[in-house]
Amino acid sequence: MTYARITFATALITMTACPPPAASTTDTDPGPTDPTTDTSGASTTPTSGETPTSGDTTTEGSTPTEGTTTTEGTTTTSGTESDGDTETTGTPSVVGPARVYYLSGDDPGGSPQLLRVVEVVDGVASAPETVVDMGPVADEVGTSVADGQQTLALRADAKIWFVDTATAETSELELPPAIGAINTFGFSPDGSRLMISGGTESKRDMYVCEVGPASCTPGLMNPPLAGAGMIESYSPFAMSSGNTWLVYSVDGNNGGLDIMVGRVDTPGVASKVLSFLSPAMTMRVAAFTADEQFLYVGLADSDYHRLDFFAVDLSQQPLVAESLDLPMEYETNGLLAPDLHAILMWNGEASHGDLYLMPLEGTSLGEPVWLNEAGPGRARKLGFRWADDGSRVAFLTDHEEYGTDALYVVDGAGAEAPVKRSGPLPANSFIEEIEFAPDGSRLTYVAWVEGEQSELFMAELTAPGVATKVSLPLPPSGGGIGTSRWASDSTRLLYTGVQEAANTDGLFVVQVVDGAPTPAAKVSPPLAPGDQVLPWFEFSSDGQRAFFQPTPDYGTGPLFMAALPDGGPEKAVEISDPGEAVAYMHVFPPAP
């Protein structure tokens, strides 16, 4: 009985699990992660694996991008009933409409059975209505949404429905008999195609169908796979922005790995652009340039000790992946820019090393820029990321004081010297969860002060070395910050944290007024000790409302709505039915 949501993006994927901590969604000693890229994309749900994450708040990665699927896995659903002291009716206000689609069931320990919708107009939520009844037998359930698009795909075991989220109209796909089980699925960047990896336990193929006004019938894309060959379980597959090219990986008949590239308009034909005999190698990155001329692929071993990038010139025949010949000697970790103009590559041993910005020039690299030249060997392995538009890079180094992080920001070309953006921290403090605002004007980060308790800071990118603590004062023990998320207009920030009493979580909002943050205000209703707000809370597209789920067990929970910024805990409204075990939600229309 599993549920999952994976983040489909246009370039790279993180596949790390999000453990259920009490005060923070990141470990204090982060382990290795997959590389990530940014460009624009979609969000998808896999069918088995790890706990769903909030998607894009890890220090070690960045938001996924154009043309890639992620497979972050699934989690067993379990949940809680709502707090009886909370209001159940809305408070009208002049706010744009929103539609919240969510998966739910009657059994907090079981799989979701229903896809339901709540419509919010002028701040008042309608009663929930059932859009799809998946029945009681679904063991694996997931959803997929293309970024900026209105169509949602719902999967329950070997069934898929399309949902027009503007009208709640649904249609079920006609799956070929050969698809007895669905492994992963996701939309193309523009939402016009659905890609499906499915088949049987012993044979798994790649299918694509064109999303039409009613439904679509998936067609087989890959050529016949010899022997034991099958589409890889949880590697990314991706389609180019113009829907011309498709890339996927195959567990080769020789026990190794084959990277396949084919034209979408020529089913059953594909070129093997790369082949590895080692079964330990896995494709972690697949990203097409916007002009569909180049494809970049990143492969890593199972321990993430080594990441290598390859480039394919799609204008040349035969199609061949060429190594980018990264001049790295030790362990490596990399991150493609959202617009694919460069790669960030870390090279070192253990937790620290050197960070380079390497311009991408087709199938070759330009002159690398050594970002941490001021402190050789002291750039954090999991401490760098791109701004959403690729215009800036943030990274961590402890060269000023050994064992104490400082955050630096540099332009996306590495043309200027890096500038320190974090404020002073006590010795042995470290930084995580770097988040650029969507407009790139500021960023936030979580600092573990002396490695004990975490606090949230905001730094203006026009004021070097000046950062403001925006989280509330911590309780004497047991406090800390969880996940944060910016509104699309960069004027509001939501975050979760244990702020008022030990082991008691909450959701809080910070506004930016005239370039300065206001004091944090609580959004969630009073929660019981041990309860927490799940990390996949969302803003409405206009940034005026927050949707979130409190839960005692990091599984399912009731669905709440709160007005921003003048609401408050007393105005938080439960919008799911009493006793519903809500597993996940999507808010429409999508943010601009």
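Residues numbered from 1 in each chain as written. Predicted model: local features only at pLDDT ≥ 70, side-chain atom pairs only at ≥ 80, totals over all residues. Heavy atoms only, no water.

Description of the overall build of the chain
Condition: A helix here means a DSSP run of H or I that spans at least four residues, while a strand means a run of E at least two residues long, and both kinds are numbered starting from the N terminus. The contact criterion used throughout is that any non-hydrogen atoms of two residues lie within 4.5 Å. Working definition of accessibility: Shrake-Rupley area with a 1.4 Å probe, residue cover restricted to the visible protein chains.
When helices and strands are tallied, the chain shows 0 helices and 49 strands. Across the chain, contacts joining residues at least 24 apart in sequence account for 56% of those joining residues at least 6 apart. Counting every atom, the chain has about 20500 Å² of accessible surface; 51% of that belongs to carbon and sulfur.

Quick word on the nonpolar core
A general trend in soluble globular proteins is that nonpolar side chains are found buried together. What counts, and what does not: Remark: nonpolar core denotes a set of buried residues (Ala, Val, Leu, Ile, Met, Phe, Trp, Tyr, Cys) joined through side-chain atoms within 4.5 Å. Type-normalised accessible area, obtained with a 1.4 Å probe on protein chains alone, sets the label of each residue: buried when under 20%, exposed when over 50%, and partly exposed for intermediate values.
Val-247, Ile-259, Val-261, Val-273, Leu-295, Leu-299 and Leu-314 are the most contacted members of the largest nonpolar core, which has 20 residues in total. For Val-247, the contacting residues outside a window of four places in its chain are Phe-237, Ala-238, Ile-259, Met-260, Val-261, Met-283, Ala-286, Phe-288 and Leu-295. By size, the runner-up hydrophobic cluster in this structure holds 17 residues, among which are Phe-294, Ala-300, Leu-336 and Leu-360.

Details of the packing of aromatic side chains
Selection criterion: Side-chain rings of Phe, Tyr and Trp, where Trp is taken by its six-membered ring, are said to pair if the distance between their centres is within 6.5 Å; with planes under 30 degrees apart they count as stacked, over 60 as edge-to-face, and otherwise as tilted.
Within the structure shown, the criterion is met by 9 aromatic pairs. Geometrically, the ring pair formed by Phe-430 and Trp-448 is stacked, given 5.9 Å between the ring centres and 10° between the ring planes. Here Phe-430, found in strand β34 (residues 430–436), pairs with Trp-448, found in strand β35 (residues 442–449); they are 18 residues apart in sequence, far enough to count as distant. The class for Phe-430 is buried, based on a relative accessible area of 15%. Ring centres of Tyr-445 and Phe-457 lie 5.4 Å apart, and the angle between their planes is 10°; this geometry places the pair in the stacked category.

With respect to the pairing of strand β19 (residues 257–263)
To keep things clear, this is the line we draw: When DSSP finds two or more bridges between two strands, those strands count as paired.
In terms of residue burial, β19 counts as a mostly covered element, since 6 of its 7 residues are buried. Where strand β18 (residues 245–251) meets β19, 7 bridges bridge the pair, whose relative direction is antiparallel. Paired with Val-247 across the two strands is Val-261, which belongs to β19. In the sheet, β19 pairs with strand β20 (residues 271–276) via 5 bridges, with the strands oriented antiparallel. Looking at β20, one finds that Val-261 is bridged to Ser-271.

Focus on the sheet that holds strand β15 (residues 219–220)
Within the open sheet, the 4 strands sit side by side as β12-β13-β14-β15. Their pairing is antiparallel. In this open sheet, the two strands that pair with only one neighbour each are β12 (181–187) and β15. Bridging between strand β13 (residues 193–199) and strand β14 (residues 204–210) involves 7 bridges; their strand directions are antiparallel. From the neighbouring strand, Ser-197 faces β14, where its bridge partner is Met-206.

Considering the sheet that holds strand β48 (residues 573–574)
Pairing within the open sheet is antiparallel, and its 4 strands lie in the order β44-β45-β47-β48. If you trace the sheet from one side to the other, it starts and ends with β44 (538–539) and β48, each paired once. The pairing of strand β45 (residues 545–548) with strand β47 (residues 560–563) spans 4 bridges and is classified as antiparallel. Its bridge partner being in β47, Arg-545 is matched across the sheet by Ala-563.

Side note on the pairing of β12
Residues in a regular strand project their side chains so that they alternate between the two faces of the sheet. A large share of β12 lies buried, amounting to 6 of its 7 residues. Pairing of β12 with β13 involves 6 bridges; the strand directions are antiparallel. Within β13, the position partnered with Ala-181 by the bridge is Gly-199. Counted along the chain from β12 to the antiparallel partner β13, the turn is 5 residues long, and its residue Gly-191 has a positive phi close to 75°.

So, the confidence of the model for the chain
Heads up, the rule is: Confidence scores per residue from the predictor, reported as pLDDT, run from 0 to 100.
The predicted model of the chain averages 80 in pLDDT, with 79% of residues at 70 or higher. In this model residues 1–95 is a low-confidence stretch, pLDDT under 50, and it forms 405 contacts with partners more than four residues away in sequence or in other chains.

A short note on unusual backbone geometry
Here the amide bond leading from Gln-317 into Pro-318 is cis, since omega sits at -5°, within 30 degrees of zero. With respect to the helices and strands, the residue Pro-318 is situated in the loop between β23 (307–313) and β24 (321–323). Phi is positive for Asn-243, close to 60°, though the residue is something other than glycine. When you line up the elements, Asn-243 lands in the loop between β17 (238–239) and β18. A relative accessible area of 11% places Asn-243 in the buried class.

Digging into the pattern of salt bridges
Here is the rule: What counts as a salt bridge is simple: a side-chain nitrogen of Lys or Arg found within 4 Å of a carboxyl oxygen of Asp or Glu.
Within the structure shown, the criterion is met by 15 salt bridges. A salt bridge links Glu-331 to Lys-381, with the shortest nitrogen-to-oxygen separation between them at 3.1 Å. Taken together, the residues Glu-331 in strand β25 (residues 331–336) and Lys-381 in strand β30 (residues 379–386) connect sequence positions 50 residues apart. A relative accessible area of 11% means that Lys-381 is categorised as buried. Where Arg-385 meets Asp-388, a salt bridge forms, and the shortest distance between an N and an O atom there is 3.9 Å.

Considering the environment of Leu-336
Within the secondary structure layout, Leu-336 lies in strand β25. Taking the relative accessible area as the measure of exposure, Leu-336 reaches 0% and is therefore buried. For the pair Leu-336 and Trp-386, spaced 50 residues apart in the sequence, the C-alpha separation amounts to 8.4 Å.

Thoughts on the environment of Gly-229
Along the chain, Gly-229 falls in the loop between β15 and β16 (230–231). Judged by relative accessible area, Gly-229 falls into the buried class, the value being 6%. Placed 21 residues apart in sequence, Gly-229 and Val-250 show a C-alpha to C-alpha distance of 6.5 Å.

Section: the environment of Val-470
By the element assignment, Val-470 lies in the loop between β37 (467–469) and β38 (480–486). When the C-alpha positions of Val-470 and Pro-519 are compared, they lie 6.5 Å apart, and in sequence the two are 49 residues distant. Filtering out sequence-adjacent residues up to four positions away, Val-470 remains in contact with Leu-456, Phe-457, Met-458, Tyr-495, Val-510, Pro-517 and Ala-520.

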